[in-house]
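Listed here are the chains, written in short residue letters.
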Amino acid sequence: MSEILETLLALQDIDLKIDSEKRKIIKKEEEIVDINKQLEELKANLEEKKHNFEKARLQLAREELELKELEEKLKAAKNKLYSGEISSPKELSQWEKTMEKLEESKSSLEDSVITSLENAEELQEEIQEKTQFYSQKEKNLLLLLNQLQEELETIRKSISEKEREREKIIASLPQEIVSTYEELRRKFPDPVTYLSGETCEGCNLTVPLAAVKAVRKGEELVRCPNCGRFLNRK
Ligand SMILES: [Zn+2]
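Everything numeric here is computed off the predicted structure, so don't read it as measured data.

S.K.: Can you tell me about the packing of helix H1 (residues 3–82) against helix H3 (residues 175–187), naming the residues and giving the values?
M.R.: Two numbers describe a pair of packed helices, the interaxial angle and the distance between the axes. One can describe the packing of H1 onto H3 by two numbers: an axis separation of 12 Å at closest approach and a directional angle of 35 degrees. Crossing angle aside, the handedness with which H1 passes H3 is right-handed. Residues Ile4, Leu8, Leu11, Gln12, Asp15, Leu16 and Asp19 of H1 touch H3, and the partners they reach there are Ile177, Tyr181 and Arg185. Classifying every residue of the contact of H1 with H3 gives six nonpolar, one polar and three charged.

S.K.: Provide a residue-level description of the packing of H1 against helix H2 (residues 89–171), including the pertinent values.
M.R.: Running from N to C, H1 and H2 point in directions that differ by 165 degrees, and their axes come no closer than 5 Å. Taken as axis vectors, H1 and H2 run roughly antiparallel relative to one another. Between H1 and H2 the crossing geometry is left-handed. Per-class residue counts for the contact of H1 with H2 are 39 nonpolar, 14 polar and 31 charged.

S.K.: Account for the pattern of salt bridges, with residues named and values stated.
M.R.: All chains considered together, the criterion is met by 15 salt bridges. A single network of salt bridges, built from pairs that share partners, joins Asp15, Asp19, Arg166, Glu182 and Arg185.

S.K.: Describe the nonpolar core, and please don't skip the residues or the numbers.
M.R.: Membership of the largest hydrophobic core comes to 40 residues, with the highest contact counts inside it found for Leu8, Leu11, Val207, Phe230 and Leu231. Of all the secondary structure elements, the ones that give two or more residues to this core are H1, H2, H3, strand S1 (192–196), helix H4 (209–217) and strand S4 (230–233). The biggest single contributor to this core is H1, with twelve residues. Among the domains, domain 1 (19–172) and domain 2 (174–234) are the pair contributing at least three residues each to this core.

S.K.: If you had to explain a negative patch on the surface to someone new, which residues and values would you point to?
M.R.: A grouping of Glu30, Glu31, Asp34, Glu40 and Glu41 is seen on the molecular surface, where their side chains present a negatively charged patch. When you line up the elements, Glu31 lands in helix H1.

S.K.: Describe in detail the domain arrangement of the chain, supporting the description with residues and values.
M.R.: Each assigned domain of the chain is listed here: domain 1 (19–172) and domain 2 (174–234). The straight-line distance from the C-alpha centre of domain 1 to that of domain 2 is 66 Å. Buried surface at the junction of domain 1 and domain 2, both sides included, amounts to about 330 Å², of which 36% is carbon and sulfur. The largest contributions to the domain 1 side of the interface with domain 2 come from Asp19, Arg166 and Ile170, which together make up 88% of the buried area. Inspection of the domain 1/domain 2 interface yields two salt bridges.

S.K.: Describe the coordination of the zinc ion, listing the residues and the values that go with them.
M.R.: Ideal coordination angles are 109.5 degrees for a metal with four donors arranged tetrahedrally and 90 or 180 degrees for a metal with six donors arranged octahedrally. Listed as protein donors to the zinc ion are Cys200 (SG), Cys203 (SG), Cys224 (SG) and Cys227 (SG); their distances from the metal cover 2.2 to 2.3 Å. One can describe the site at the zinc ion as tetrahedral: its four donor atoms subtend angles covering 103 to 115 degrees at the metal. Mapped onto the sequence, the donors of the zinc ion take the spacing C-x2-C-x20-C-x2-C. Taking the relative accessible area as the measure of exposure, Cys200 reaches 0% and is therefore buried.

Definitions and cut-offs
- Residues numbered from 1 in each chain as written.
- Predicted model: local features only at pLDDT ≥ 70, side-chain atom pairs only at ≥ 80, totals over all residues.
- Heavy atoms only, no water.
- Axes fitted to C-alpha atoms, helices over the stretch in contact; angles between N-to-C directions.
- Helix = DSSP H or I, 4+ residues; strand = E, 2+ residues; numbered from the N terminus.
- Left-handed = near helix turned anticlockwise from the far one by under 90°.
- Contact = heavy atoms within 4.5 Å.
- Nonpolar A, V, L, I, M, F, W, Y, C, P; charged D, E, K, R; others polar.
- Parallel < 35°, antiparallel > 145°, perpendicular 65-115°, else oblique.
- Salt bridge = Lys/Arg side-chain N within 4 Å of Asp/Glu carboxyl O.
- Core = buried A, V, L, I, M, F, W, Y, C linked by side-chain atoms within 4.5 Å.
- Buried < 20%, exposed > 50% of the residue type's maximum accessible area, 1.4 Å probe, protein only.
- Domains from an automatic or database assignment.
- Patch = residues over 30% accessible without salt bridge, like charges linked within 9 Å, V, L, I, M, F, W, Y side chains within 5 Å.
- Areas by Shrake-Rupley, 256 points an atom, 1.4 Å probe, with all protein chains shown as cover.
- Lys, Arg positive; Asp, Glu negative; His and termini not counted.
- Charge placed at Lys NZ, Arg CZ, Asp CG, Glu CD.
- Buried area = accessible area lost by both parts, 1.4 Å probe.
- Donors = N, O, S within 2.8 Å, 3.2 Å for Na, K, Ca; no water.
- Tetrahedral: all angles 85-135°; square planar, octahedral: opposite > 155°, others 65-115°.

This is the structure we're talking about:
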C-alpha cells in the first residue's frame with residue numbers, strides 16, 4: 001500500500017470516529033433538553049398545586065368571615081327578639097322568620113366551611129407529598145444532568161484531540177489529495193474504499209482492468225472511475 005493511501009486511511013479512520021462522537025453529542029444534548037423539560041414540568045405541576053391550595057385557603061377564609069358575620073346578625077336578632085321591645089305579634093312573627101332564615105343560611109354555610117376545610121387540608125397534604133417526591137426526582141434528574149454534562153465534556157475533549165491529530169495528518173499530505181479527500185467526504189463517509197475482485201466496495205460497480213491492476217500493484221494512487229473514491233487492495 002502506498003504511504004499516501006495509508007495516511008488517507010488513517011485520516012478516514014479519525015474522521016469516522018469524529019463523526020461518531022459528534023452523533024453522541026447530539027444524542028446527549030437531546031437527553032439534556034429532555035431532562036430540562038421534565039424539570040420544568042415538575043416545577044409547573046407543583047406551582048399549580050400551590051396555586052390551587054392558595055385559592056382553597058382564600059375561599060375558606062371568605063366563608064369563615066361570612067359565617068362570623070352571620071352569627072353576629074343572628075345574635076343581634078335574638079337579642080332583639082328576647083329584649084321584650086317587640087310587642088306586636090305580627091312584628092314578632094316577622095322576627096322569628098328572619099331568625100329561621102338566618103339559621104338556615106348558617107347551617108348551609110357551616111357545611112360549606114367543612115367542605116372547604118377538607119379540600120384545603122387535602123391539597124396541603126398532597127403538596128407535602130408531592131414536594132417530597134419532586135425533590136427526590138429533581139435530585140435524580142440533576143445528578144443525571146450533571147453526569148451528561150461531564151460526558152459531553154469528555155467527548156468534546158476527545159474530538160479536539162482527534163481534530164489536532166487530523167491537522168497533523170493533513171499537513172503531511174499533498175494539498176491536492178487533501179482537497180480531493182475533503183470533496184469526497186462531503187459526498188461519502190468513506191472516501192477510501194477497497195477493491196473486492198474487480199468491484200469497488202464503495203459504489204459496487206466494476207472497475208476497468210487497468211485500474212484493477214494498478215491497485216494491485218499498489219504503487220500509485222488509484223481512484224474509482226465511477227464514484228471517485230480512492231481504491232485500496234484488500
Ligand atoms: Zn466506486
